[in-house]
Amino acid sequence: MDIISRKEWGARAPRSRSTVSWGARTEFVVHYSEGPTTQTVRSIQDFHMDGNGWADIGYNFLVDVKGRIYEGRGWLTVGAHAPGHNSSGIGVCMIGRDGDATAAAKRSIRAVYDEAVRRKGGGLKKLGHRDVYATSCPGDQLYAWVRAGMPASGSGGGSGDGSGDGDAPDYVSVGMAAAQDLPPGEWVTVRWDDEYSDSAHHHRNAGGPSFIEGPAQYALVANVRVEGLARGTRLQARVIERADSDGSVEVGSTSEHVAFDGATFLHHDVAADVVGNGRRVRFQVIQHGTGTGRVTGGSAKGLIWSI
């Protein structure tokens with residue numbers, strides 16, 4: 001799970017903060033901002049600090065309709081989102097109004113919940129803000145999804161613009177921004193720092209090697225250009241699935257290639273596979289020559305059906 005840090009979204013320093021232990025966390029409280037989906041996290045923080053006089057933004061995390069997750073007060077800092085439940089509850093806010101909740105936003109809220117449960121080592125009660133306070137928050141649509149158990153697919157209670165629902169897959173398209181060395185006998189994980197399409201936020205905003213996030217079924221194709229190898233040099237390409245929790249790796253399909261004079265183009269196709277919860281798909285290349293080559297360019301595209 002990728003979280004946009006306070007530094008990345010330009011947060012102000014909190015005036016004060018207090019923390020709790022994971023033992024004190026017993027609830028997961030879902031909110032909406034009741035503002036336009038174009039609100040920035042910084043504008044919400046400014047309102048909370050300057051309008052409400054709070055020490056910081058009130059929520060522990062925020063999610064936008066594209067599924068991007070933003071760090072608010074963080075996991076163990078006491079929030080200001082639900083009186084009487086700020087120590088016991090982790091408050092997560094969808095940026096938008098009733099009817100704006102997309103499947104991508106719901107999946108990200110659920111991802112924060114699952115990560116909180118993993119860190120705590122036990123369950124957290126799923127609540128809407130209206131369950132603990134006299135308010136319409138988090139809106140009828142998002143609240144219906146919470147009441148349905150926050151299904152990881154994002155279904156239940158409607159889904160705003162419908163993105164990601166039903167049989168329509170998410171689509172990711174990424175490319176290389178810089179060449180990478182390819183030394184002999186070493187699996188090199190290709191970095192995808194150019195993002196062309198990723199409406200459901202499977203790829204890191206700041207770039208990086210992962211571009212499909214589980215749990216999901218997926219199909220992908222990756223193409224890279226390799227230069228600087230002697231003709232006949234053996235190359236291999238493969239996908240791996242890396243666990244967020246401990247960095248363990250599962251190796252997927254591997255393809256064989258041979259270098260030509262000049263540039264060699266590797267095409268790797270995965271027609272269908274499944275990546276588990278908390279794991280991310282990456283693409284690797286190895287060459288078995290004697291000198292160092294270069295991966296000088298490439299792109300990858302994926303179709304993802306969240307499960």
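Residues numbered from 1 in each chain as written. Predicted model: local features only at pLDDT ≥ 70, side-chain atom pairs only at ≥ 80, totals over all residues. Heavy atoms only, no water.

> What should I look at first to understand the overall build of the chain in this one?
Within the chain one finds four helices and 16 strands. Scaling as 2.2 N^0.38, a compact globule of 307 residues should have a C-alpha radius of gyration of about 19 Å, and the chain matches this with 22 Å. Its C-alpha atoms give the chain principal-axis dimensions of roughly 70 × 40 × 35 Å. For the chain, the residues scored as buried account for 48% of the 307 residues in total. Across the chain, the fraction of contacts at a sequence separation of at least 24, relative to all contacts at a separation of at least 6, is 73%. Counting only carbon and sulfur atoms, one obtains 48% of the accessible surface of the chain, whose full area is about 13000 Å². In the chain, which carries 33 positive and 35 negative side-chain charges, the distance between the mean positions of the two groups comes to 5 Å. (Helix = DSSP H or I, 4+ residues; strand = E, 2+ residues; numbered from the N terminus. Rg over C-alpha atoms; globule rule 2.2 N^0.38 Å. Buried < 20%, exposed > 50% of the residue type's maximum accessible area, 1.4 Å probe, protein only. Contact = heavy atoms within 4.5 Å. Areas by Shrake-Rupley, 256 points an atom, 1.4 Å probe, with all protein chains shown as cover. Lys, Arg positive; Asp, Glu negative; His and termini not counted. Charge placed at Lys NZ, Arg CZ, Asp CG, Glu CD.)

> Can you walk me through the side chain of His 268 in this structure?
Looking at where His 268 falls in the secondary structure, it is placed in strand β14 (residues 264-275). Within the local environment of His 268, its side chain forms a polar contact with the side chain of Ser 253, the two groups lying 3.3 Å apart. Those residues in contact with His 268, other than ones at most four positions away along the chain, are Leu 220, Val 221, Ala 222, Ala 237, Arg 238, Val 239, Ser 253, Thr 254, Ser 255 and Phe 283. (Polar contact = N/O pair within 3.5 Å; in protein donor to acceptor, adjacent residues only side chain to side chain.)

> Explain a nonpolar patch on the surface here, please?
A cluster of nonpolar side chains, namely Tyr 171, Leu 303 and Trp 305, defines an oily patch on the protein surface of about 250 Å² accessible area. Secondary-structure assignment places Trp 305 in strand β16 (residues 293-306). A relative accessible area of 31% places Trp 305 in the partly exposed class. (Patch = residues over 30% accessible without salt bridge, like charges linked within 9 Å, V, L, I, M, F, W, Y side chains within 5 Å. Salt bridge = Lys/Arg side-chain N within 4 Å of Asp/Glu carboxyl O.)

> What's the story with the environment of Gly 84 in this structure? I'm lost.
Residue placement: Gly 84 occurs in the loop between β3 (69-71) and β4 (89-94). Residue class for Gly 84 comes out exposed when judged on its relative accessible area of 74%. The spacing of Gly 84 and Tyr 133 is 49 residues in sequence and 9.0 Å in space, taken between C-alpha atoms.

> In this structure, what is going on with the nonpolar core? I would like to understand it.
Nonpolar side chains tend to gather and get buried jointly when the protein is soluble and globular. Ranked by size, the top nonpolar core spans 29 residues in total, and within it Trp 192, Phe 211, Tyr 218 and Phe 283 carry the most contacts. Elements with a minimum of two residues in this core: β6 (170-175), β11 (216-227), β12 (234-243), β14, β15 (279-287) and β16. The element that contributes the greatest number of residues to this core is β11, accounting for six residues. The contacts of Phe 283, once residues within four sequence positions are left out, are Val 188, Thr 189, Val 190, Trp 192, Phe 211, Ala 222, Val 224, Ala 237, Arg 238, Val 239 and His 268. Core analysis: the next-biggest nonpolar cluster, separate from the first, contains 23 residues, Ala 105, Val 112, Ala 116 and Trp 145 among them. (Core = buried A, V, L, I, M, F, W, Y, C linked by side-chain atoms within 4.5 Å.)

> When you look at helix α3 (residues 103-120) in this model, what are you seeing that I'm missing?
Side chains of residues three or four places apart in an α-helix project in the same direction, reflecting 3.6 residues per turn. With 18 residues, α3 should reach 26 Å at 1.5 Å per residue; the first-to-last C-alpha distance of 26 Å fits that figure. Turning to α3, its buried residues number three or more, namely Ala 103, Ala 104, Ala 105, Lys 106, Arg 107, Ser 108, Ile 109, Arg 110, Val 112, Tyr 113, Glu 115 and Ala 116. Count one or two residues on from α3 and you reach Gly 121, which has phi positive near 80°. (Expected span 1.5 Å × (residues − 1).)

> Explanation requested: the side chain of Gln 180 in the structure shown.
Assignment of secondary structure puts Gln 180 in strand β7 (residues 180-182). With a relative accessible area of 15%, Gln 180 lands in the buried category. Within the local environment of Gln 180, its side chain forms a polar contact with the backbone nitrogen of Arg 191, the two atoms lying 2.8 Å apart. For Gln 180, the contacting residues outside a window of four places in its chain are Val 188, Thr 189, Val 190, Arg 191, Gly 293, Arg 294 and Val 295.

> Looking at this structure, how should I read the pattern of salt bridges?
Close approach of charged atoms lets side chains of opposite charge pair. On inspection of all chains with the given rule, the structure shows 19 salt bridges. With its nearest N and O atoms 3.0 Å apart, the salt bridge here joins Asp 46 to Arg 12. Taken together, the positions of Asp 46 in helix α2 (residues 41-51) and Arg 12 in the loop between α1 (6-9) and β1 (27-32) put the pair 34 residues apart, joining distant regions of the chain. You can call Asp 46 partly exposed: its relative accessible area is 24%. On the basis of relative accessibility, which here comes to 22%, the residue Arg 12 falls in the partly exposed class. Close ionic contact of Asp 50 with Arg 12 constitutes a salt bridge, the shortest N to O distance being 3.0 Å. Placement of the pair is Asp 50 in helix α2 and Arg 12 in the loop between α1 and β1, with a sequence separation of 38 residues. Residue Asp 50 is classed as exposed on the basis of its relative accessible area, which comes to 52%. Through salt bridges that share partners, Arg 12, Arg 15, Arg 42, Asp 46 and Asp 50 make up one connected network.

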